[in-house]
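# Structure assessment
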Amino acid sequence: MNIISGSELLLLCAVSQCLESPLEMYSFVPSFTRRCSYTEQTGTPLLVRTLWPATSALAALGMLAEPHFTRHAGAWNMLTAAVCVALLGCLQAQELQGHVSVILLGATGDLARKYLWQGLFQLYLEEAGKGHSFRFHGTALTNTKQGQEIIAKVLESLSCPRDTAPGRCAELKAQFQQLSEYRRLKTPEDYLALSKDIEAWVQHEGLQEAGRIFYFSVPPFAYADIARSINSSCRPGPGAWLRVVLEKPFGHDHRSAQQLATELGSFFQEEEMYRVDHYLGKQVVAQILPFRDQNRKALDGLWNRHHVERVEIIMKETVDAEGRTSFYEEYGVIGDVLQNHLTEILMLVAMELPLDISSSEAVLGHKLQAFRALRGLQRGSAVVGQYQAYRGQVRRELQKPDSFHSLTPTFAGILVHIDNLRWEGVPFILMSGKALDERVGYVRILFKDQAYCAQSEKRWVPAQSHCLPQQIIFYIGHGELGGPAVLVSRNLFRPSLPSASWKEVEGQPGLRLFGRPLSDYYAYSPVREQDAYSILISHIFHRRKDSFIAMENLLASWVFWTPLLDSLAHEVPRLYPGGAENGHLLDFEFSGSHVSFSQPPLEQLVPGPDSAPMPSDFQVLGAKYRDSPLISAWPEELIARLAGDIEAAAVRAVRRFGEFHLALSGGSSPVALFQQLAMGHYGFPWAHTHLWLVDERCVPLWDPESNFQGLQAHLLQHVRVPYYNIHPMPVHRRQRLCAEEDQGAQAYAEEISTLVTNSSFDLVLLGMGTDGHTASLFPQSPVGLDGEQLVVLTTSPSSPRRRMSLSLPVINRARQVAVLVMGRMKREIALLVSRVGREPRKWPISGVRPDSGQLVWYMDYDAFLG
Ligand code: BG6
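This one's a predicted model, so the numbers in the text were calculated from it and none came from an experiment.

## As for the overall build of the protein chain
Counting its secondary structure elements, the protein chain contains 26 helices and 31 strands. In the protein chain, which comprises 866 residues, the proportion classed as buried is 55%. A separation threshold of at least 6 residues defines the contact pool for the protein chain, and within that pool the share at least 24 residues apart is 77%. As displayed, the protein chain has an accessible area near 38100 Å², and 53% of this comes from carbon and sulfur atoms.

## Details of the pattern of salt bridges
Using the criterion set out here, one finds 33 salt bridges in the structure. Among the salt bridges present, the one from Glu209 reaches Arg212, with a minimum N-O distance of 2.6 Å. Neither Glu209 nor Arg212 differs from the other in exposure class; each is buried. In this structure, the salt-bridge partner of Asp437 is Lys316, at a minimum N-O distance of 2.9 Å. Taken as a pair, Asp437 in the loop between β10 (428-433) and β11 (440-447) and Lys316 in strand β7 (residues 308-316) lie far apart in primary sequence, 121 residues in all. Looking at Lys316, the relative accessible area reads 12%, which means it is buried. Taken together, the salt bridges that share partners define one network made up of Glu181, Arg183 and Asp197.

## Some thoughts on the sheet that holds strand β1 (residues 99-105)
Strand pairing within a sheet occurs via backbone hydrogen bonds; the two strands may be parallel or antiparallel. On the basis of which strands lie adjacent, the open sheet formed by 6 strands has the order β3-β2-β1-β4-β5-β6 and parallel pairing. Each edge of the sheet is formed by a strand with only one pairing partner; in this case those strands are β3 (180-184) and β6 (273-276). Within this sheet the neighbouring strands show an average axis-to-axis angle of 20°, counted without direction.

## As for the layout of surface pockets
By volume, the second largest pocket amounts to about 1600 Å³. Lining the second largest pocket are 46 residues, and of these Glu636, Glu637, Ile639, Ala640 and Gln676 sit closest to its centre. Among the secondary structure elements, those contributing two or more residues to the lining of the second largest pocket are β8 (382-387), β20 (594-597), α20 (635-657) and α21 (669-680). The dominant element in the lining of the second largest pocket, judged by the number of residues it contributes, is α20, at 8 residues. Looking at the lining of the second largest pocket, its residues break down into 20 nonpolar, 14 polar and 12 charged.

## What about the state of the cysteines?
Counted according to the given criterion, the structure contains 3 disulfides. The disulfide partner of Cys160 is Cys169, and the gap between their sulfur atoms is 2.0 Å. Across the S-S bond of Cys160 and Cys169 the torsion is about 85°, and the bridge reads as right-handed. Taking relative accessible area as the criterion, Cys169 reaches 14% and is therefore assigned buried.

## Some words on the site of the ligand
Every residue lining the ligand is accounted for by Lys248, His278, Tyr279, Lys282, Met315, Glu317, Arg324, Asp336, His341, Lys434 and Arg439. Lys282 places a polar side-chain atom, nitrogen or oxygen, 2.6 Å from an oxygen atom of the ligand. In this structure, an oxygen atom belonging to the ligand sits 2.7 Å away from a side-chain N or O atom of His341. Looking at the shell around the ligand residue by residue, the classes come out as 2 nonpolar, 2 polar and 7 charged.

Cut-offs used in this document
- Residues numbered from 1 in each chain as written.
- Predicted model: local features only at pLDDT ≥ 70, side-chain atom pairs only at ≥ 80, totals over all residues.
- Heavy atoms only, no water.
- Helix = DSSP H or I, 4+ residues; strand = E, 2+ residues; numbered from the N terminus.
- Buried < 20%, exposed > 50% of the residue type's maximum accessible area, 1.4 Å probe, protein only.
- Contact = heavy atoms within 4.5 Å.
- Areas by Shrake-Rupley, 256 points an atom, 1.4 Å probe, with all protein chains shown as cover.
- Salt bridge = Lys/Arg side-chain N within 4 Å of Asp/Glu carboxyl O.
- Pairing = 2+ DSSP bridges.
- Axes fitted to C-alpha atoms, helices over the stretch in contact; angles between N-to-C directions.
- 1 Å grid on protein atoms, 1.4 Å probe; cavity = no way out; pocket = protein on both sides within 12 Å on 5 of 7 lines; lining within 4 Å.
- Points joined across faces, edges and corners; volume = space filled by probe spheres on them.
- Nonpolar A, V, L, I, M, F, W, Y, C, P; charged D, E, K, R; others polar.
- Disulfide = S-S within 2.5 Å.
- Near = heavy atom within 4 Å.
- Polar contact = N/O pair within 3.5 Å; in protein donor to acceptor, adjacent residues only side chain to side chain.

Here is the structure:
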């Protein structure tokens, strides 16, 4: 960029000193400024405009006073000298600010095209008049011609501030375009060449280099190579600064974040790095600390566990992850949004307020303290979901086979607790998701309702009644309000916000927010709405590090989130249809530290003919398996459904007969069912339920291998079943385990005959082995497949080999039989058994056909679809 340099001004001054009279000076000025108007064309009009009036004034003054100056040449000389000294002083002060190069890496990418070029243009508009000179180097791997074309289009689409006249806007854009270039930046030599070009330019223009900003708008895998090249061949010379701007993701867990930090730390100083979380540039988010600061007096007594009922930090989106699944598969909603944007907001709300909120060290220190107080997250702290079309999108975009199931959550609701004196016991709810019903972001601080109002509701006055909700909302944007705002219930206090930048929101009749009309709030919105990236780019330029993520902050966040991510690694998210059709499916509720979905899952998902099912594909599957009803779902949903069905059967039986006889299998599949029954079914009539075993291993009842032991650990110890209603199999009576002479099988059969009407259990829960066995009835073994015996001793092909089992006849006498089949391992046998007839000797499970009762198959997708 050209500016009038000091040497040029000196020349101007020298010439004016040599000129005989002001007249000559007056004719010199236009020719000088003609040269400067050439400068203007190359894009640096602002200094020229500053100097032009001064030089012109000097000449004009000379003209007016010519007779006087002609008589007193000394006075003319003194005047020109004084003006020149003043101009030089002013120019030097501006020149000291020097030349800034902005290198945008990934300049043709999405983020750059949408936000970063506009942010750089804004920077130019704001700063170029203040003495810095700029050039903008857009770079990418794209070849030069194509890159230039893309950049030209982007530059053409830039917009000026709202109050700029069209002609002026075109002029400003033209200047910016002339200062911007595209170049391919790939090899270390390219970086060296760029550095040399910058140096040559600076020298040619007689400038000082102030610094270089490298904005990394590239995927993180490219960071290390770029950082190495910058460090080795593109740092500015001594006296000039370097700033590198990094975009998330910064790792996908604590270990990878640490690794990246160490790697980048070997090329750059921490103070040179600006890690962007663009939510910190959102006007409302950036206002949280100043709001707390400016309203200290009102908030001091309120901002704590005694008054805050709960805090909600929410970012809902309607878009889905289509086109980004390779990124999303790695990060999911937690890595994409919660670990960064929502956590940063959480910190701004929860941290102790430093005395000086403009000190980035103090802010960081207090944030770290708040991080340390976070209670560790556990599996039960989260509910996760996945919109239904996601799996198909992943398969298509990542070329995965049809059998591929992604476990990546696209929705998460998290319950956070902060164990310090201020926040102990206050739930902080963090929630974000794709394909939801609306786009909106907000932080809502809901205060406790601690009042009883003696007056009737119709007489409540919003500003006075303490019975109306009291809340403070930092409305980040979108939603009903359509833009950013800070809202404070009128019955709390009138907040103070900087009046130069925040104005009262005008009433919008009929608009209700969080259950109350807008008129119930003091509501403020920014005088001038600004994009987060423009704000952050300006902060980078002004070295405002408090708007960026320090390394310690980043690592503290990952320490917090990584254990939850690990515990969710194998968790199947709840499927949701997407958009308005989600209904209440994703609502969740919490108690203590535990959060769970409020509603049972949708019954069934029937995949459509193509691999990207639509929301309408959610329906009850009318499918059959071996001519009996089949329920198929993801494991969590399947178990929930089965537990619900068992409870319903129990309630029915108790209502009709006063008791419910339930025979349960052992092994690993029912464990989740037992847990579900224990934790989630408070209406279960346990006091009237008899629990029987379908089969047992011949080990002592306290042995971990014992089926009874599994039942005890996962169910019995959590529910109140009368002892006399619990019926373990008597595998250990007098002699050895399962000794024939002890007659344990006969004793159990007698117990059944005595207590269970017609020996007909109300419900028998079975499993299916990979060899087709069920209960402890094994293939190629005739025992228990027919005949009169209710209970038999059998031999298993695997250890422990001796077993006791209900016989097939007593199983088939049950009113209901449920067969639970889970896991990919069962896929083959499930397929095989679906095709065979009744051949219990080969596949005992195929002999399960209740005489008059009902059989239902419960299979998860892995077992059913593979
Ligand atoms: C980004 C996430 O950080 O934030 C995106 O990667 C998300 O998945 C976006 O859509 C939301 O930002 P904004 O500014 O549109 O609310």
